[in-house]
Amino acid sequence: DTYIPGATNPWQMPIVVVTAGSAYVVVDGHKRVRCLRRLQRDTVAAVIWEMPEPEALIFRQQLQTDATDSALEQGWLLHTLHEDHGLALDALARRFDHSVSWVSRRLSLVRTLPDPIQQHVHDGQIVAHAAMKYFVPLARANAADCLRLVEAIVPHRLTTRQIGRLYEAYVSGPAATRELVLTDP
């Protein structure tokens, strides 16, 4: 292992878990777990929070001071709390100190983007900001073309700016241009 002065190795920072029956559910530390799997490590230090999973998820979100989550990432959290744990939209709005409209808009992002695109965002192959700015509107207008475009660009690891240029070419171009963008970005 390489030591970098002042840096914390991911396996030195404990993840946060809650208990769900006889299993543990990761509340904070998903990226560290993925990193450790890539490093072929099978153990990690963990801190157990003694609270129900929904409360732990909300508490973790409230502890984050950098607020770097994108609207899509917020949507995933709200979707989990609403769909998996049954929290009502107005209750979520109160807990996150936002309006019901704010909650609904973020949930619509998750509901609009097809699952394969969300998986690419989750895996880090597509930046969440690009997905929100370009793929959500395209998915609303033409979900099939949105999927085709994402599958065509994922291998290229494009920046948000590059994705924006392709999106503009698709939206403003004639049918031949749209097909070219979809088949050979």
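Reading the values: the criteria
- Residues numbered from 1 in each chain as written.
- Predicted model: local features only at pLDDT ≥ 70, side-chain atom pairs only at ≥ 80, totals over all residues.
- Heavy atoms only, no water.
- 1 Å grid on protein atoms, 1.4 Å probe; cavity = no way out; pocket = protein on both sides within 12 Å on 5 of 7 lines; lining within 4 Å.
- Points joined across faces, edges and corners; volume = space filled by probe spheres on them.
- Helix = DSSP H or I, 4+ residues; strand = E, 2+ residues; numbered from the N terminus.
- Nonpolar A, V, L, I, M, F, W, Y, C, P; charged D, E, K, R; others polar.
- Phe/Tyr/Trp six-rings, centres within 6.5 Å; stacked < 30°, edge-to-face > 60°.
- Buried < 20%, exposed > 50% of the residue type's maximum accessible area, 1.4 Å probe, protein only.
- Axes fitted to C-alpha atoms, helices over the stretch in contact; angles between N-to-C directions.
- Parallel < 35°, antiparallel > 145°, perpendicular 65-115°, else oblique.
- Contact = heavy atoms within 4.5 Å.
- Pairing = 2+ DSSP bridges.
- pLDDT = per-residue confidence, 0-100.
- Core = buried A, V, L, I, M, F, W, Y, C linked by side-chain atoms within 4.5 Å.
- Left-handed = near helix turned anticlockwise from the far one by under 90°.

Enquirer: Give a description of the layout of surface pockets that names residues and reports values.
Expert: Of the voids in this model, the largest pocket is the one considered here, and its volume is about 1200 Å³. Breaking the lining of the largest pocket down by element, the ones donating at least two residues are strand 2 (23-28), helix 1 (30-38), helix 2 (53-63), helix 3 (71-84) and helix 6 (115-122). A breakdown of the residues in the lining of the largest pocket according to their chemical character gives 16 nonpolar, 11 polar and 11 charged.

Enquirer: Any details on the packing of aromatic side chains? Residues and values, ideally.
Expert: Using the criterion set out here, one finds two aromatic pairs in the structure. Between Trp49 and Phe59, the ring centres sit 5.2 Å apart and the planes meet at 65 degrees, which makes this aromatic pair edge-to-face. One end of the pair, Trp49, is in the loop between strand 3 (46-48) and helix 2; the other, Phe59, is in helix 2, with 10 residues separating them in the sequence. For Trp49, a relative accessible area of 17% puts it in the buried group. On the basis of relative accessible area, Phe59 is assigned to the partly exposed category, the value being 35%. Consider the rings of Tyr134 and Tyr167, whose centres lie 5.2 Å apart with planes at 50 degrees: the pair is tilted. One end of the pair, Tyr134, is in helix 7 (residues 128-141); the other, Tyr167, is in helix 9 (residues 160-172), with 33 residues separating them in the sequence.

Enquirer: Could you give me a rundown of the packing of helix 3 against helix 5 (residues 100-112), with the residues and numbers involved?
Expert: Between helix 3 and helix 5, the shortest axis-to-axis distance is 8 Å and the interhelical angle comes to 95 degrees. Considering their axes alone, helix 3 and helix 5 lie roughly perpendicular with respect to each other. On helix 5, the residues touching Ala71, Leu72, Gln74, Gly75, Trp76, Leu78, His79, His82 and Glu83 of helix 3 are Trp102, Val103, Arg106, Leu107, Leu109, Val110 and Arg111. Residues belonging to the contact of helix 3 with helix 5 are distributed by class as follows: nine nonpolar, four polar and three charged.

Enquirer: Before we move on, can you summarise the pairing of strand 2 with the specific residues and values?
Expert: Relative to strand 2, strand 1 (residues 15-20) runs antiparallel, the two being bridged by five bridges. Looking at strand 2, one finds that Val18 is bridged to Val25.

Enquirer: Outline the confidence of the model for the protein, listing residues and values.
Expert: On average, residues of the protein carry a pLDDT of 87, and 92% of them reach 70 or more. Confidence scores differ between elements of the protein, with helix 1 showing the lowest mean pLDDT of 84 and helix 4 (residues 89-95) the highest of 95. Low confidence marks residues 1-5, where pLDDT is under 50. Its contacts with residues over four positions away, or in another chain, come to three contacts.

Enquirer: Could you give an account of the nonpolar core, with specific residues and numbers?
Expert: If you look at the biggest cluster of nonpolar residues, it comprises 28 residues, and the most contacted ones within it are Leu72, Leu113, Ile126, Ala131, Phe135, Leu149 and Ile153. For this core, the elements supplying multiple residues, two or more each, are helix 3, helix 5, helix 6, helix 7, helix 8 (143-153), helix 9 and helix 10 (175-183). Apart from residues lying up to four places away in sequence, Leu149 is in contact with Phe135, Leu138, Val181 and Leu182.

Enquirer: Can you lay out unusual backbone geometry for me, pointing to particular residues and giving the numbers?
Expert: Despite not being glycine, Gln40 shows a phi value in the positive range, around 60 degrees. Mapped onto the fold, Gln40 is located in the loop between helix 1 and strand 3. Looking at Gln40, the relative accessible area reads 74%, which means it is exposed. The phi dihedral of Asp97 falls on the positive side, at around 60 degrees, and the residue is not glycine. Assignment of secondary structure puts Asp97 in the loop between helix 4 and helix 5.

Enquirer: Which residues make up the packing of helix 9 against helix 10, and what are the values?
Expert: It is the contact of helix 9 with helix 10, at a shortest axis distance of 7 Å, that shows an interaxial angle of 150 degrees. Judged by the angle between their axes, helix 9 and helix 10 are roughly antiparallel. In this structure, helix 9 crosses over helix 10, and the sense of that crossing is left-handed. Side by side, helix 9 and helix 10 meet where Leu166, Ala169 and Tyr170 of the first sit next to Thr177, Arg178, Val181 and Leu182 of the second. Looking at the contact of helix 9 with helix 10 residue by residue, the class counts come to five nonpolar, one polar and one charged.

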